Amino acid sequence: MRHSRNPLVFLGLALVLTVAACGRGGGDDRAPEPGDRAVAKVQDQTIWASDVKREAVAQGLVGEGEPLDVTSDLFRRVLDEVIDQKLLAREAERRGLDNSALAQRRLEATRERILGDMLVENVVNGAISDQAVQTLYQEQLRLARTSEEIRVRLILSRTKPEADAVIGILGQGSSFEAVAQERSIDEATRFSGGDLGYSTADVMPQAYANALRDAAAGSTVGPFQTEGGWAVLRVEDRRRESPPTLDQARPQIVRYLTYEGVRQLLEELRGKAKVDVLLAAESGAPQEPASAAPAPGPTPTAPTAPTATAPAPTVAPVATPTPAAPSTATTAKAAAR
């Protein structure tokens, strides 16, 4: 039974459809990859499991290195889409649409994208070794400046007399958590005992950062005025934030090295080629030739994606490792406004 799906999906698969239109003839039952498996036939053309996986990767449904079980619902859904692509492409060929000048230009553009992605895969990605990743990671650790993280609890009051009363109750030995649940007007944190979690001073409201600057763990700070009311804080803990591990940083490092490798490759190619941009600047003066540009604009990203263009980063993404702040950290900002 075919899986139901939105016909508009084909609008997003137009590029893949043009590639399918190139694959005339079919009939070759030799597996394109070792261990590949034939999963369907459209007339005389075999569809392989690798074809379905490639389409799933192109749509962002799975990662390049992730498995795709041929028995899964996702595989069947994507297989149906690949079959429909083949049927539409064959019908387009039957009607002679592939012979038009527009079709030939689109097919050539697709061919160039695929060849460019294959060059990136062979030249750039092949040069990204574990040693290169490790070297950049160690360099970033050396340059990174870790900040101190502070875990605090909050009791927010509407007026200073109410905040002074909170200080009095705490001075009698009541637990901060119990008083926060009973008296804090910050609805986002009161039911967790005012817990704001760990955050660094640079993401705190300035009033909070100033109040906590010299506060030791275990101390109570306040009351002090904020835009949201009068705050009383308890410092639960202070610690140095931990940089990301190599495994955590690896995806960003690989992405950066890929961008940098593509940038260098394109810079080299532009330096060898004669490239003239025939557009005039807004002032009417001729533009500098594209080859004079210090760095190319869009560059390929994932070698298997059908539209692999993205701007290259300007700095290594792990230069200043910053772990994701707890969601409650933003509550302090909201409470201070």
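Asks: Just give me the short version of the overall build of the protein chain, but keep the residues and values in it.
Replies: Along the protein chain, the regular secondary structure elements total 11 helices and 8 strands. Taking all 337 residues of the protein chain together, the buried fraction comes to 34%. Across the protein chain, contacts joining residues at least 24 apart in sequence account for 65% of those joining residues at least 6 apart. Accessible surface, the protein chain as shown: approximately 19900 Å² in total, 53% of it carbon and sulfur.

Asks: Provide a residue-level description of the nonpolar core, including the pertinent values.
Replies: If you look at the biggest cluster of nonpolar residues, it comprises 15 residues, and the most contacted ones within it are Leu-154, Tyr-208, Leu-212, Val-221 and Leu-233. For this core, the secondary structure elements donating two or more residues are strand 3 (148-157), helix 9 (206-212), strand 5 (220-226) and strand 6 (229-240). The biggest single contributor to this core is strand 3, with 4 residues. Setting aside residues up to four positions removed in sequence, Leu-233 forms contacts with Arg-153, Leu-154, Phe-176, Tyr-208, Leu-212, Ser-219, Thr-220, Val-221 and Phe-224.

Asks: Outline the pairing of strand 5, listing residues and values.
Replies: When strand 5 meets strand 6, the two strands line up antiparallel, connected through 5 bridges. Each bridged residue has a counterpart across the sheet, and for Val-221 the counterpart in strand 6 is Leu-233. Turn length for the strand 5-strand 6 hairpin, with the two strands adjacent in sequence and antiparallel, is 2 residues.

Asks: Any details on the environment of Arg-255? Residues and values, ideally.
Replies: Relative to the elements of secondary structure, Arg-255 occurs in helix 10 (residues 246-272). Once the C-alpha coordinates of Arg-255 and Asn-125 are considered, the two residues, 130 residues apart in sequence, prove to be 9.8 Å apart.

Asks: Go over helix 3 (residues 49-58) with me, naming the residues and quoting the values.
Replies: Looking only at helix 3, the buried set comprises Ala-49, Ser-50, Val-52, Glu-55, Ala-56 and Val-57. Following helix 3 by one or two positions, Gly-60 adopts a phi angle in the positive range, close to 75°.

Asks: Summarise the side chain of Ser-184; cite the residues concerned and give the values.
Replies: Turning to its location among the elements, Ser-184 is positioned in the loop between helix 8 (176-183) and strand 4 (195-200). Polar contacts involving the side chain of Ser-184 include one to the main-chain amide nitrogen of Leu-156, which spans 3.2 Å.

Asks: Before we move on, can you summarise the pairing of strand 2 (residues 45-48) with the specific residues and values?
Replies: In strand 2, alternate side chains face the same way, and those of Gln-45 and Ile-47 on one face and Thr-46 and Trp-48 on the other are all buried. The pairing of strand 1 (residues 38-42) with strand 2 spans 4 bridges and is classified as antiparallel. Within the sheet, the bridge partner assigned to Ala-38 lies in strand 2 and is Trp-48. Linkage of strand 1 to strand 2, two consecutive antiparallel strands, is achieved through a turn of 2 residues, within which Gln-43 is found at a positive phi near 55°.

Asks: Before we move on, could you go through the pattern of salt bridges and cite the residues and values that matter?
Replies: Applying the stated criterion across every chain, the model contains 20 salt bridges. Residues Arg-77 and Glu-81 are paired through a salt bridge, measuring 3.6 Å at the closest nitrogen-oxygen approach. Residue Arg-77 and its partner Glu-81 are both found in helix 4 (residues 73-94); the two are separated by 4 residues, about one turn of the helix. On the basis of relative accessible area, Arg-77 is assigned to the partly exposed category, the value being 30%. A salt bridge links Asp-130 to Arg-250, with the shortest nitrogen-to-oxygen separation between them at 3.5 Å. Residue Asp-130 is located in helix 6 (residues 130-143), and its partner Arg-250 is located in helix 10; the two are separated by 120 residues in the primary sequence. One salt-bridge network, in which partners are shared between bridges, spans Arg-153, Glu-177, Arg-234 and Glu-236.

Asks: I'd like to hear about the packing of helix 6 against helix 10, residue by residue, with values.
Replies: Relative to each other, helix 6 and helix 10 sit at 105°, their axes nearing to 10 Å. The orientation of helix 6 with respect to helix 10, classified from their angle, is roughly perpendicular. Judged by residue contacts, Asp-130, Ala-132, Val-133, Gln-134, Leu-136 and Tyr-137 of helix 6 engage Leu-246, Ala-249, Arg-250, Ile-253, Val-254, Tyr-256 and Leu-257 from helix 10. Residue composition of the contact of helix 6 with helix 10, by class: 10 nonpolar, 1 polar and 2 charged.

Asks: Quick one: what's the story with helix 8, residue by residue and with numbers?
Replies: Residues Phe-176, Val-179 and Ala-180 constitute the buried set of helix 8. Looking straight down helix 8, one finds that the buried residues subtend no more than 105° of arc, so they occupy a single side. Tucked inside the fold, the buried residues of helix 8 contact strand 3, helix 7 (160-171) and strand 6.

So, how was this worked out
- Residues numbered from 1 in each chain as written.
- Predicted model: local features only at pLDDT ≥ 70, side-chain atom pairs only at ≥ 80, totals over all residues.
- Heavy atoms only, no water.
- Helix = DSSP H or I, 4+ residues; strand = E, 2+ residues; numbered from the N terminus.
- Buried < 20%, exposed > 50% of the residue type's maximum accessible area, 1.4 Å probe, protein only.
- Contact = heavy atoms within 4.5 Å.
- Areas by Shrake-Rupley, 256 points an atom, 1.4 Å probe, with all protein chains shown as cover.
- Core = buried A, V, L, I, M, F, W, Y, C linked by side-chain atoms within 4.5 Å.
- Pairing = 2+ DSSP bridges.
- Polar contact = N/O pair within 3.5 Å; in protein donor to acceptor, adjacent residues only side chain to side chain.
- Salt bridge = Lys/Arg side-chain N within 4 Å of Asp/Glu carboxyl O.
- Axes fitted to C-alpha atoms, helices over the stretch in contact; angles between N-to-C directions.
- Parallel < 35°, antiparallel > 145°, perpendicular 65-115°, else oblique.
- Nonpolar A, V, L, I, M, F, W, Y, C, P; charged D, E, K, R; others polar.
- Arc of directions from axis to C-beta.

Scope: geometric values only; no functional claims are made or implied.
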